[in-house]
Amino acid sequence: MLERRFFNIVITYTTVWVVRRAAVHTKMNRPKVLVSNPTVPQIGFDLLQKYCDIIRIENENETKEEIISKVKGVDAIYWASRLKLDKDIIEAAGPQMKVVGTMSAGYNHIDVDELKKRGIKLGNTPNVLNNAVADIAVLLALAASRRIHEGRLKIENNQWDLGSQWMLGQDISGATVGIIGLGGIGQAIVKRLIPFEVQQFLYTGHREKVEGKELGAKFVSLDTLVRESDFVIVSCPLNSETEEMCNEDFFAKMKKTAVFVNISRGKVVHQPSLVKALRDGQIFAAGLDVMTPEPLPPDDELLKLPNAVIVPHLGSATKKN
Ligand SMILES: O=C(O)C(=O)CO
(Lines give C-alpha, C1' and ligand atoms only; values in the text may rest on other atoms or scores of the structure.)
Protein backbone atom coordinates (compact mmCIF):
# COMPACT_ATOMS: atom_id res chain seq x y z
CA MET A 1 0.00 0.00 0.00
CA LEU A 2 2.78 2.41 0.87
CA GLU A 3 4.48 2.02 -2.53
CA ARG A 4 1.28 2.75 -4.42
CA ARG A 5 0.45 5.78 -2.34
CA PHE A 6 3.82 7.31 -2.94
CA PHE A 7 3.36 7.14 -6.69
CA ASN A 8 0.96 9.99 -6.51
CA ILE A 9 3.02 12.54 -8.32
CA VAL A 10 0.65 15.37 -7.60
CA ILE A 11 1.18 14.85 -3.91
CA THR A 12 4.91 14.80 -4.35
CA TYR A 13 4.93 18.04 -6.27
CA THR A 14 2.85 19.72 -3.61
CA THR A 15 5.07 18.57 -0.78
CA VAL A 16 8.27 19.45 -2.58
CA TRP A 17 6.80 22.89 -3.24
CA VAL A 18 6.20 23.34 0.48
CA VAL A 19 9.77 22.36 1.31
CA ARG A 20 11.16 24.63 -1.44
CA ARG A 21 9.23 27.59 -0.17
CA ALA A 22 10.74 26.96 3.22
CA ALA A 23 14.15 26.94 1.63
CA VAL A 24 13.53 30.33 0.06
CA HIS A 25 12.12 31.56 3.35
CA THR A 26 15.17 30.55 5.33
CA LYS A 27 17.37 32.31 2.73
CA MET A 28 19.71 29.36 2.67
CA ASN A 29 21.48 28.25 -0.43
CA ARG A 30 20.97 24.56 0.07
CA PRO A 31 18.88 23.71 3.08
CA LYS A 32 19.11 20.21 4.47
CA VAL A 33 15.96 18.12 4.15
CA LEU A 34 15.37 14.76 5.76
CA VAL A 35 13.14 12.48 3.63
CA SER A 36 11.69 10.00 6.08
CA ASN A 37 11.07 7.09 3.68
CA PRO A 38 12.84 5.93 0.50
CA THR A 39 9.68 5.08 -1.46
CA VAL A 40 9.03 8.70 -2.43
CA PRO A 41 8.94 8.70 -6.25
CA GLN A 42 12.14 9.65 -8.01
CA ILE A 43 10.56 12.82 -9.31
CA GLY A 44 10.24 13.97 -5.70
CA PHE A 45 13.90 13.32 -4.98
CA ASP A 46 14.91 14.99 -8.26
CA LEU A 47 12.98 18.13 -7.45
CA LEU A 48 14.32 18.30 -3.93
CA GLN A 49 17.84 17.67 -5.09
CA LYS A 50 17.74 20.77 -7.28
CA TYR A 51 17.40 23.03 -4.28
CA CYS A 52 18.31 21.08 -1.18
CA ASP A 53 20.72 18.56 0.26
CA ILE A 54 18.81 15.40 1.04
CA ILE A 55 19.33 13.26 4.08
CA ARG A 56 17.84 9.89 3.20
CA ILE A 57 16.36 7.13 5.27
CA GLU A 58 17.13 4.03 3.23
CA ASN A 59 14.91 1.56 5.08
CA GLU A 60 11.33 1.24 3.77
CA ASN A 61 10.24 0.17 7.25
CA GLU A 62 11.91 3.10 8.86
CA THR A 63 12.10 3.28 12.63
CA LYS A 64 11.85 6.24 14.93
CA GLU A 65 15.38 5.53 16.18
CA GLU A 66 16.76 5.64 12.66
CA ILE A 67 15.04 8.94 11.97
CA ILE A 68 16.28 10.42 15.23
CA SER A 69 19.83 9.34 14.41
CA LYS A 70 19.75 11.29 11.12
CA VAL A 71 17.51 14.27 11.77
CA LYS A 72 19.87 16.48 13.78
CA GLY A 73 20.60 19.78 12.03
CA VAL A 74 18.06 19.56 9.19
CA ASP A 75 16.13 22.64 8.05
CA ALA A 76 13.09 20.71 6.88
CA ILE A 77 11.49 17.29 7.03
CA TYR A 78 9.63 15.67 4.13
CA TRP A 79 7.43 13.36 6.16
CA ALA A 80 6.48 10.43 3.94
CA SER A 81 6.01 8.12 6.84
CA ARG A 82 3.26 6.31 8.69
CA LEU A 83 5.10 6.82 11.95
CA LYS A 84 4.15 9.67 14.24
CA LEU A 85 6.25 12.79 13.86
CA ASP A 86 6.44 13.46 17.55
CA LYS A 87 8.17 15.73 20.04
CA ASP A 88 11.23 13.45 20.28
CA ILE A 89 11.92 13.73 16.55
CA ILE A 90 11.18 17.45 16.43
CA GLU A 91 13.47 18.02 19.39
CA ALA A 92 16.21 15.86 17.91
CA ALA A 93 16.10 17.96 14.71
CA GLY A 94 17.11 21.08 16.62
CA PRO A 95 15.97 24.71 16.78
CA GLN A 96 16.96 25.52 13.15
CA MET A 97 14.20 23.28 11.75
CA LYS A 98 11.65 25.48 9.99
CA VAL A 99 9.20 23.37 8.06
CA VAL A 100 7.55 19.99 7.67
CA GLY A 101 5.74 18.76 4.55
CA THR A 102 3.49 15.70 4.66
CA MET A 103 2.15 13.64 1.75
CA SER A 104 -1.40 13.45 3.05
CA ALA A 105 -4.53 15.45 3.63
CA GLY A 106 -4.70 14.25 7.24
CA TYR A 107 -2.02 15.36 9.68
CA ASN A 108 -3.06 13.52 12.81
CA HIS A 109 0.28 11.64 12.58
CA ILE A 110 2.11 14.88 13.31
CA ASP A 111 2.33 16.63 16.65
CA VAL A 112 0.96 19.93 15.41
CA ASP A 113 0.98 21.55 18.88
CA GLU A 114 4.68 20.85 19.17
CA LEU A 115 5.31 22.40 15.74
CA LYS A 116 3.24 25.46 16.65
CA LYS A 117 5.13 25.97 19.89
CA ARG A 118 8.36 26.17 17.92
CA GLY A 119 7.00 28.24 15.02
CA ILE A 120 7.59 25.39 12.55
CA LYS A 121 5.36 25.57 9.46
CA LEU A 122 3.44 22.49 8.29
CA GLY A 123 2.36 21.87 4.70
CA ASN A 124 -0.07 19.09 3.82
CA THR A 125 -1.82 18.05 0.60
CA PRO A 126 -5.52 18.81 0.85
CA ASN A 127 -7.75 18.93 -2.25
CA VAL A 128 -5.42 16.97 -4.58
CA LEU A 129 -6.76 13.81 -2.96
CA ASN A 130 -10.45 14.71 -2.83
CA ASN A 131 -11.55 12.88 -5.96
CA ALA A 132 -9.57 9.71 -5.35
CA VAL A 133 -10.77 9.42 -1.75
CA ALA A 134 -14.37 10.26 -2.70
CA ASP A 135 -14.25 7.49 -5.33
CA ILE A 136 -13.26 5.00 -2.65
CA ALA A 137 -16.08 6.21 -0.40
CA VAL A 138 -18.65 5.60 -3.13
CA LEU A 139 -17.10 2.26 -3.97
CA LEU A 140 -17.29 1.17 -0.32
CA ALA A 141 -20.84 2.44 0.12
CA LEU A 142 -22.05 0.44 -2.87
CA ALA A 143 -19.93 -2.63 -2.15
CA ALA A 144 -21.14 -2.80 1.46
CA SER A 145 -24.80 -2.10 0.67
CA ARG A 146 -24.82 -4.71 -2.12
CA ARG A 147 -23.02 -7.34 -0.01
CA ILE A 148 -20.12 -7.72 -2.39
CA HIS A 149 -17.72 -9.38 0.05
CA GLU A 150 -20.39 -11.71 1.40
CA GLY A 151 -21.43 -12.68 -2.14
CA ARG A 152 -17.88 -13.61 -3.03
CA LEU A 153 -17.61 -15.74 0.13
CA LYS A 154 -20.85 -17.54 -0.79
CA ILE A 155 -19.40 -18.52 -4.15
CA GLU A 156 -16.16 -19.72 -2.61
CA ASN A 157 -18.08 -21.80 -0.05
CA ASN A 158 -20.38 -23.32 -2.68
CA GLN A 159 -23.42 -21.57 -1.14
CA TRP A 160 -24.84 -19.95 -4.28
CA ASP A 161 -28.59 -20.01 -3.79
CA LEU A 162 -30.94 -19.53 -6.72
CA GLY A 163 -33.86 -18.20 -4.66
CA SER A 164 -35.26 -14.83 -5.73
CA GLN A 165 -34.97 -13.35 -2.22
CA TRP A 166 -31.37 -14.33 -1.72
CA MET A 167 -28.68 -11.78 -0.80
CA LEU A 168 -30.84 -8.70 -1.06
CA GLY A 169 -28.97 -5.49 -0.45
CA GLN A 170 -29.89 -1.90 0.35
CA ASP A 171 -30.72 0.60 -2.39
CA ILE A 172 -28.84 3.86 -2.54
CA SER A 173 -31.44 5.39 -4.84
CA GLY A 174 -34.13 6.92 -2.67
CA ALA A 175 -31.86 6.72 0.39
CA THR A 176 -30.84 9.36 2.90
CA VAL A 177 -27.08 9.77 2.88
CA GLY A 178 -25.43 11.42 5.87
CA ILE A 179 -21.95 12.90 5.52
CA ILE A 180 -19.99 13.58 8.69
CA GLY A 181 -17.65 16.39 7.65
CA LEU A 182 -18.56 18.27 4.48
CA GLY A 183 -15.02 19.36 3.61
CA GLY A 184 -13.48 18.90 0.17
CA ILE A 185 -13.79 15.11 0.30
CA GLY A 186 -17.32 15.17 1.73
CA GLN A 187 -18.42 17.54 -1.04
CA ALA A 188 -16.81 15.34 -3.70
CA ILE A 189 -18.72 12.36 -2.30
CA VAL A 190 -22.04 14.22 -2.55
CA LYS A 191 -21.28 15.28 -6.14
CA ARG A 192 -20.59 11.67 -7.09
CA LEU A 193 -23.75 10.38 -5.43
CA ILE A 194 -26.19 12.90 -6.92
CA PRO A 195 -26.61 10.82 -10.14
CA PHE A 196 -27.53 7.81 -7.97
CA GLU A 197 -30.83 9.53 -7.21
CA VAL A 198 -30.25 9.77 -3.49
CA GLN A 199 -33.37 11.16 -1.84
CA GLN A 200 -31.63 13.57 0.51
CA PHE A 201 -28.18 14.45 1.77
CA LEU A 202 -27.63 15.36 5.41
CA TYR A 203 -24.37 16.64 6.79
CA THR A 204 -22.93 17.62 10.09
CA GLY A 205 -19.89 19.55 11.25
CA HIS A 206 -19.01 22.72 13.11
CA ARG A 207 -21.25 24.98 11.06
CA GLU A 208 -23.61 25.19 8.14
CA LYS A 209 -21.76 25.68 4.86
CA VAL A 210 -22.54 27.59 1.67
CA GLU A 211 -21.30 24.55 -0.25
CA GLY A 212 -23.88 22.44 1.59
CA LYS A 213 -26.64 24.72 0.34
CA GLU A 214 -25.25 24.64 -3.18
CA LEU A 215 -25.25 20.84 -3.13
CA GLY A 216 -28.76 20.70 -1.72
CA ALA A 217 -27.56 19.06 1.51
CA LYS A 218 -29.24 19.75 4.84
CA PHE A 219 -27.22 20.70 7.93
CA VAL A 220 -28.31 18.66 10.96
CA SER A 221 -26.98 17.61 14.35
CA LEU A 222 -24.82 14.49 14.55
CA ASP A 223 -27.61 12.77 16.45
CA THR A 224 -30.18 13.45 13.72
CA LEU A 225 -27.77 12.39 11.00
CA VAL A 226 -26.98 9.09 12.69
CA ARG A 227 -30.63 8.29 13.38
CA GLU A 228 -32.03 9.27 9.98
CA SER A 229 -29.38 8.20 7.49
CA ASP A 230 -29.45 5.01 5.45
CA PHE A 231 -25.78 5.57 4.67
CA VAL A 232 -23.48 7.22 7.20
CA ILE A 233 -20.21 8.31 5.63
CA VAL A 234 -17.39 9.59 7.82
CA SER A 235 -15.14 12.12 6.08
CA CYS A 236 -14.03 14.37 8.92
CA PRO A 237 -10.52 14.79 10.30
CA LEU A 238 -9.35 12.87 13.35
CA ASN A 239 -8.81 15.13 16.34
CA SER A 240 -9.61 15.16 20.04
CA GLU A 241 -13.23 15.98 19.24
CA THR A 242 -13.76 13.16 16.74
CA GLU A 243 -11.66 10.41 18.33
CA GLU A 244 -13.94 7.41 18.97
CA MET A 245 -16.96 9.53 18.02
CA CYS A 246 -18.46 6.41 16.40
CA ASN A 247 -18.92 4.38 19.55
CA GLU A 248 -21.47 1.96 20.98
CA ASP A 249 -24.04 4.69 21.46
CA PHE A 250 -23.52 5.93 17.89
CA PHE A 251 -24.05 2.49 16.34
CA ALA A 252 -27.05 1.85 18.59
CA LYS A 253 -28.71 4.95 17.11
CA MET A 254 -28.15 3.88 13.50
CA LYS A 255 -30.91 2.15 11.57
CA LYS A 256 -30.63 -1.64 11.42
CA THR A 257 -30.65 -1.34 7.64
CA ALA A 258 -27.98 1.36 7.52
CA VAL A 259 -24.53 1.17 6.00
CA PHE A 260 -21.50 2.74 7.69
CA VAL A 261 -18.53 3.99 5.63
CA ASN A 262 -15.26 5.35 6.97
CA ILE A 263 -12.62 6.95 4.75
CA SER A 264 -11.35 9.29 7.47
CA ARG A 265 -9.18 7.67 10.12
CA GLY A 266 -9.61 4.41 12.00
CA LYS A 267 -9.49 6.11 15.37
CA VAL A 268 -12.67 8.06 14.69
CA VAL A 269 -14.31 4.70 15.38
CA HIS A 270 -14.34 2.68 18.58
CA GLN A 271 -13.62 -0.46 16.62
CA PRO A 272 -14.85 -3.11 19.11
CA SER A 273 -18.26 -1.35 19.06
CA LEU A 274 -18.32 -1.44 15.26
CA VAL A 275 -17.41 -5.13 15.22
CA LYS A 276 -20.22 -5.83 17.70
CA ALA A 277 -22.74 -3.76 15.73
CA LEU A 278 -21.89 -5.64 12.53
CA ARG A 279 -21.85 -9.04 14.18
CA ASP A 280 -25.14 -8.52 16.04
CA GLY A 281 -26.95 -7.08 13.02
CA GLN A 282 -27.32 -3.73 14.77
CA ILE A 283 -26.33 -2.17 11.45
CA PHE A 284 -26.47 -3.70 7.98
CA ALA A 285 -22.89 -3.42 6.75
CA ALA A 286 -19.72 -1.35 6.75
CA GLY A 287 -17.18 -0.25 4.17
CA LEU A 288 -13.83 0.73 5.60
CA ASP A 289 -10.74 2.22 4.01
CA VAL A 290 -9.26 2.98 7.42
CA MET A 291 -9.07 1.00 10.62
CA THR A 292 -7.07 0.48 13.81
CA PRO A 293 -4.31 -0.50 13.68
CA GLU A 294 -2.89 -0.09 10.21
CA PRO A 295 -1.68 -2.47 8.93
CA LEU A 296 -4.56 -4.55 10.29
CA PRO A 297 -3.39 -7.97 11.55
CA PRO A 298 -4.67 -10.76 9.23
CA ASP A 299 -6.49 -12.44 12.12
CA ASP A 300 -8.41 -9.32 13.18
CA GLU A 301 -12.09 -9.73 14.05
CA LEU A 302 -13.10 -7.24 11.36
CA LEU A 303 -11.86 -9.58 8.66
CA LYS A 304 -14.11 -12.38 9.90
CA LEU A 305 -17.27 -10.38 9.25
CA PRO A 306 -19.05 -11.08 5.94
CA ASN A 307 -20.80 -7.70 6.10
CA ALA A 308 -17.60 -5.66 6.31
CA VAL A 309 -15.91 -4.57 3.11
CA ILE A 310 -12.35 -3.67 3.97
CA VAL A 311 -9.57 -2.17 1.87
CA PRO A 312 -6.06 -1.33 3.12
CA HIS A 313 -6.18 2.49 3.21
CA LEU A 314 -6.17 2.93 -0.56
CA GLY A 315 -8.06 6.24 -0.55
CA SER A 316 -5.32 8.26 -2.20
CA ALA A 317 -3.59 5.36 -3.96
CA THR A 318 -3.97 6.41 -7.57
CA LYS A 319 -1.40 7.33 -10.15
CA LYS A 320 -1.72 10.32 -12.46
CA ASN A 321 -0.46 9.31 -15.89
O1 LIG B 1 -4.28 11.87 2.57
C2 LIG B 1 -4.76 11.29 3.54
O3 LIG B 1 -4.73 11.79 4.66
C4 LIG B 1 -5.36 9.97 3.37
O5 LIG B 1 -5.41 9.22 4.29
C6 LIG B 1 -5.93 9.58 2.06
O7 LIG B 1 -6.50 8.32 2.12
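About the criteria used
Residues numbered from 1 in each chain as written. Predicted model: local features only at pLDDT ≥ 70, side-chain atom pairs only at ≥ 80, totals over all residues. Heavy atoms only, no water. Domains from an automatic or database assignment. Buried < 20%, exposed > 50% of the residue type's maximum accessible area, 1.4 Å probe, protein only. Helix = DSSP H or I, 4+ residues; strand = E, 2+ residues; numbered from the N terminus. Arc of directions from axis to C-beta. Phe/Tyr/Trp six-rings, centres within 6.5 Å; stacked < 30°, edge-to-face > 60°. UniProt positions renumbered as here; feature names shortened; annotations may be inferred.

An unreviewed UniProt entry lists the protein chain under the name Glyoxylate reductase/hydroxypyruvate reductase, with Exocentrus adspersus given as the organism.

This part takes up the domain arrangement of the protein chain. One can read the domain layout of the protein chain as domain 1 (2-123) and domain 2 (130-310). The C-alpha centroid of domain 2 is placed 33 Å from the C-alpha centroid of domain 1.

Among all positions of helix 3 (residues 42-51), only Gly44, Phe45, Leu47 and Leu48 are buried. Buried residues in helix 3, looked at end-on, bunch into an arc of 165°, giving them a common side.

To continue, consider the packing of aromatic side chains. With the rule as written, the count across this model stands at four aromatic pairs. Considering the side-chain rings of tyrosine 203 and phenylalanine 219, the 5.3 Å spacing of their centres and the 55° angle between planes classify their relative orientation as tilted. In this pair, tyrosine 203 sits in strand 7 (residues 200-204) while phenylalanine 219 sits in strand 8 (residues 217-219), placing the two residues 16 residues apart along the sequence. According to the relative accessible area criterion, phenylalanine 219 is partly exposed, its value standing at 28%. Aromatic pair phenylalanine 251 and phenylalanine 260: ring centres 5.1 Å apart, planes at 80°, arrangement edge-to-face.

Turning to the UniProt feature "domain: D-isomer specific 2-hydroxyacid dehydrogenase NAD-binding" (unreviewed entry) in the protein chain, a few remarks are in order. This chain's UniProt record puts "domain: D-isomer specific 2-hydroxyacid dehydrogenase NAD-binding" (unreviewed entry) on residues 139-315. Helix makes up 31% of residues 139-315 and strand 16%, with an end-to-end C-alpha separation of 10 Å.

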